Amino acid sequence: MGDQTIYQRIEALIKDRGMTKKAFCEKLKISSGNLGDWRRGKTTPGTTHLIQISDFFNVSLDWLMKGIKPGEGVLQEQKAAYFFGVMGPLNCQAEDLETEEQNFILEYVEFAKYRKRKSEKDKTKLE
């Protein structure tokens, strides 16, 4: 499905819902001209339309825009998925790092947190 265009995914959603393209346009207040431009590849839906379509059909923006199914392309370990995600704290690019390097970084972060907690406990004991 990843090789489909945004328009092809939208068209498939309309068909799956059993709607006509006209009904889809009326429901979401999209002009038939816009839809035609998307079909011809002249333009693509703007952010507002993408969000409306995503919400209306209950699909993710990743799937709608890129054909990526939920969980695809995300590291499966729970911590790694967050840490190396698009909004991860260090904004790392996971594809630039080997799994072993990613694991090392995650372990180091956990160690740093542990060391900080231990240091705070030690300070509390001294007071």
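For the structure itself, look to the data block above.
Here the residue numbering is sequential within each chain, running from 1 through the sequence in written order. In view of the model being predicted, local features appear only for residues whose pLDDT reaches at least 70, and side-chain atom pairs are presented and counted only at 80 or more, with totals across whole chains, interfaces and linings using the full set of residues. To get the side-chain values, take all heavy atoms of the structure and skip hydrogens and water.

Re the packing of helix α1 (residues 6-17) against helix α4 (residues 47-57)
Packed helices, taken two at a time, are described by their axes: the angle between them and the distance between them. Inclusion rule: Axis definition: a line fit to C-alpha positions, over the contact stretch in the case of helices; interaxial angles, taken between N-to-C directions, run 0 to 180 degrees. Where helices and strands are cited, they refer to DSSP runs of H or I of at least four residues and of E of at least two residues respectively, numbered from the N terminus. Should an angle fall under 35 degrees it is called roughly parallel, over 145 degrees roughly antiparallel, and 65 to 115 degrees roughly perpendicular, with every other angle called oblique. Take the far helix as the reference: if the near one is turned anticlockwise from it by less than a right angle, the crossing is left-handed, and if turned clockwise, right-handed. Residues count as neighbours in contact if any of their non-hydrogen atoms are within 4.5 Å of one another. Three residue categories are used. Nonpolar comprises Ala, Val, Leu, Ile, Met, Phe, Trp, Tyr, Cys and Pro, charged comprises Asp, Glu, Lys and Arg, and polar comprises the others, including Gly.
For the pair α1 and α4, the least separation of the axes is 11 Å and the interaxial angle reads 30 degrees. Judged by the inter-axis angle, α1 sits roughly parallel to α4. For the pair α1 and α4, the sense of crossing is left-handed. When α1 is examined against α4, the residues I6, I10, L13, I14 and R17 are found in contact with a partner set consisting of L50, I53, F56 and F57. Along the lines of polarity and charge, the residues of the contact of α1 with α4 split into eight nonpolar, no polar and one charged.

Regarding the nonpolar core
Here is the rule: Put simply, buried Ala, Val, Leu, Ile, Met, Phe, Trp, Tyr and Cys residues joined by side-chain atoms within 4.5 Å make one nonpolar core. Any residue under 20% of the maximum accessible area for its type is buried, any over 50% is exposed, and the rest in between are partly exposed; the area is computed with a 1.4 Å probe on protein chains only.
Ranked by size, the top nonpolar core spans 17 residues in total, and within it I10, F24, W38, I53, F57 and L64 carry the most contacts. Taken together, the elements giving at least two residues each to this core come down to α1, α2 (21-28), α3 (32-40), α4 and α5 (61-66). For this core, the element with the highest residue contribution is α1, accounting for five residues. Those residues in contact with I10 that lie beyond four places of it in its chain are F24, W38, P45, I53 and L64.

Some thoughts on the packing of aromatic side chains
Rule in force here: Ring pairs shown here join Phe, Tyr and Trp side chains whose ring centres sit within 6.5 Å, with only the six-membered ring taken for Trp; geometry is labelled stacked below 30 degrees between planes, edge-to-face above 60, and tilted in between. Put simply, a charge is over a ring when the Lys NZ or the Arg CZ is close to the ring centre, within 6 Å, and near the line of the ring normal, within 35 degrees.
What the rule picks out here adds up to two aromatic pairs. Of the aromatic side chains, those joined through ring pairs into one cluster are F24, F56 and F57. Over the face of the ring belonging to F56 we find R17, whose NZ or CZ atom lies 4.7 Å from the ring centre.

Brief notes about the packing of α2 against α4
Direction vectors running N to C along α2 and α4 enclose 110 degrees, while the axes themselves pass 11 Å from each other. Classified by the interaxial angle, the pair formed by α2 and α4 is roughly perpendicular. Pair α2 / α4 crosses with right-handed handedness. Taken together, the residues of α4 that come into contact with α2 (itself represented by F24, K27 and L28) are Q52, I53, F56 and F57.

Side note on the pattern of salt bridges
Heads up, the condition is: Throughout this description, the term salt bridge denotes a Lys or Arg side-chain nitrogen within 4 Å of a carboxyl oxygen of Asp or Glu.
A full pass over the atoms with the stated rule returns three salt bridges. With its nearest N and O atoms 2.8 Å apart, the salt bridge here joins E11 to K21. Pair noted here: E11 is in helix α1 and K21 is in helix α2, with a separation of ten residues, a long-range link. A relative accessible area of 36% means that K21 is categorised as partly exposed. K66 is the salt-bridge partner of D62, the closest N and O atoms lying 3.7 Å from each other. With D62 and K66 both in helix α5 and four residues apart, the pair spans about one turn of that helix.

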